[in-house]
Amino acid sequence: MAAIEIRNAVKIYQDQQRKRDLLALDTVNLTVEKNDFLCLLGPSGCGKSTLLNMIAGFESVSSGEILVDGKPVTGPGADRGMVFQQPTLMPWLTVWENIAFHLKLRGVHKAARREEAQLYIDMVGLTGFENHYPNELSGGMASRVGIARALLLNPAVILMDEPFAALDAQTRMDMQEELVAIWQKHQGTVVFVTHSVEEALVLGTKIAVMSCRPGRLGELIPLDLPYP
Ligand code: ADP
Ligand code: ADP
């Protein structure tokens with residue numbers, strides 16, 4: 001079974017100012033297989049975030065359907081981990097407390113939370129920073145916390161919306177390499193939104209290119225095929 005199945009998904013927004021409908025996504029079909037690292041590539045405004053937010057369950061689908069692990073998406077759920085551009089860390093919690101926050105909500109005992117968090121802290125390269133607070137972290141480190149927090153719940157799919165876009169160029173390249181290394185250890189299904197061709201080529205096992213007005217999806221480009 002595919003990790004994500006998008007069938008004839010259409011998204012129409014109500015444009016309040018111009019008092020008319022905006023067709024943001026026109027009949028998108030996409031299959032994301034398990035362990036694909038799919039980069040959703042396209043220029044700004046073509047509907048990448050809209051599509052990701054529909055998979056996340058933050059936005060409704062105007063028509064069509066989206067299945068995650070065979071189950072229709074009806075709203076947000078723990079089977080989909082999100083990594084945002086701004087990792088929205090809680091400033092009063094340390095690195096490990098931020099990463100393990102959802103386990104606390106689930107009533108997991110502190111020692112078990114600490115142990116579980118450590119696995120992901122080590123995986124994303126934050127060893128030694130467990131007890132730091134968010135205001136003591138660089139942008140790249142905050143980004144690692146966001147990734148660790150999403151991985152910890154072991155979701156069926158991870159959805160990333162330009163997570164490195166706010167970083168400086170050098171840190172962005174470092175984090176791209178870091179993410180590739182994490183993925184070699186962790187595996188799992190990822191949909192990664194980017195407007196950067198370079199980023200998509202570094203990270204993706206497949207690239208889906210979006211075109212604009214309205215947003216449409218071209219053919220999937222598998223990157224493991226040799227060029228003719
Ligand atoms: P991208 O992520 O590729 O930059 P978006 O998904 O953010 O594109 O936006 C796609 C289109 O939908 C744009 O024309 C944008 O203005 C419009 N749009 C996005 N969100 C809303 C919204 N909440 N209400 C109305 N229009 C929106
Ligand atoms: P236990 O799970 O052992 O019952 P608590 O949940 O009461 O422990 O938290 C013990 C201490 O951990 C608190 O005094 C608090 O300062 C700190 N703490 C706060 N938030 C978190 C968090 N999200 N995860 C882990 N520890 C936290």
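Residues numbered from 1 in each chain as written. Chains lettered and ligands numbered in written order. Predicted model: local features only at pLDDT ≥ 70, side-chain atom pairs only at ≥ 80, totals over all residues. Heavy atoms only, no water.

Under an unreviewed UniProt entry, the name given to the protein chain is ABC transporter ATP-binding protein, and the source organism is Telmatospirillum siberiense. The Sequence similarities (unreviewed entry) field of the UniProt record for the protein chain holds the comment "Belongs to the ABC transporter superfamily." (UniProt positions renumbered as here; feature names shortened; annotations may be inferred.)

To continue, consider the site of ligand 2. Taken together, Leu93, Trp96, Glu97, Phe101, Lys104, His109, Lys110 and Arg113 form the complete shell of residues around ligand 2. Glu97 places a side-chain nitrogen or oxygen 3.3 Å from a nitrogen atom of ligand 2. Protein chains shield 56% of the accessible area of ligand 2, which is 550 Å² for the free molecule. Of all the elements in the fold, those that place two or more residues in the shell around ligand 2 are α2 (95-99), α3 (101-105) and α4 (110-123). Residue classes in the shell around ligand 2 are distributed as three nonpolar, one polar and four charged. (Near = heavy atom within 4 Å. Polar contact = N/O pair within 3.5 Å; in protein donor to acceptor, adjacent residues only side chain to side chain. Areas by Shrake-Rupley, 256 points an atom, 1.4 Å probe, with all protein chains shown as cover. Helix = DSSP H or I, 4+ residues; strand = E, 2+ residues; numbered from the N terminus. Nonpolar A, V, L, I, M, F, W, Y, C, P; charged D, E, K, R; others polar.)

Looking now at the packing of α4 against helix α5 (residues 139-152). One can describe the packing of α4 onto α5 by two numbers: an axis separation of 9 Å at closest approach and a directional angle of 135 degrees. Classified by the angle between their axes, α4 and α5 sit oblique to one another. For the element pair α4 and α5, the recorded crossing hand is right-handed. In this structure, α4 uses Glu116, Ala117, Tyr120 and Met123 to contact α5, whose residues at the interface are Ala148, Leu151 and Leu152. (Axes fitted to C-alpha atoms, helices over the stretch in contact; angles between N-to-C directions. Parallel < 35°, antiparallel > 145°, perpendicular 65-115°, else oblique. Left-handed = near helix turned anticlockwise from the far one by under 90°. Contact = heavy atoms within 4.5 Å.)

Time to look at helix α1 (residues 48-56). Most of α1 sits out of view: eight of its nine residues are buried. Those residues of α1 not exposed but buried are Lys48, Thr50, Leu51, Leu52, Asn53, Met54, Ile55 and Ala56. Downstream of α1 by a residue or two, Gly57 has a phi angle that is positive, lying close to 90 degrees. (Buried < 20%, exposed > 50% of the residue type's maximum accessible area, 1.4 Å probe, protein only.)

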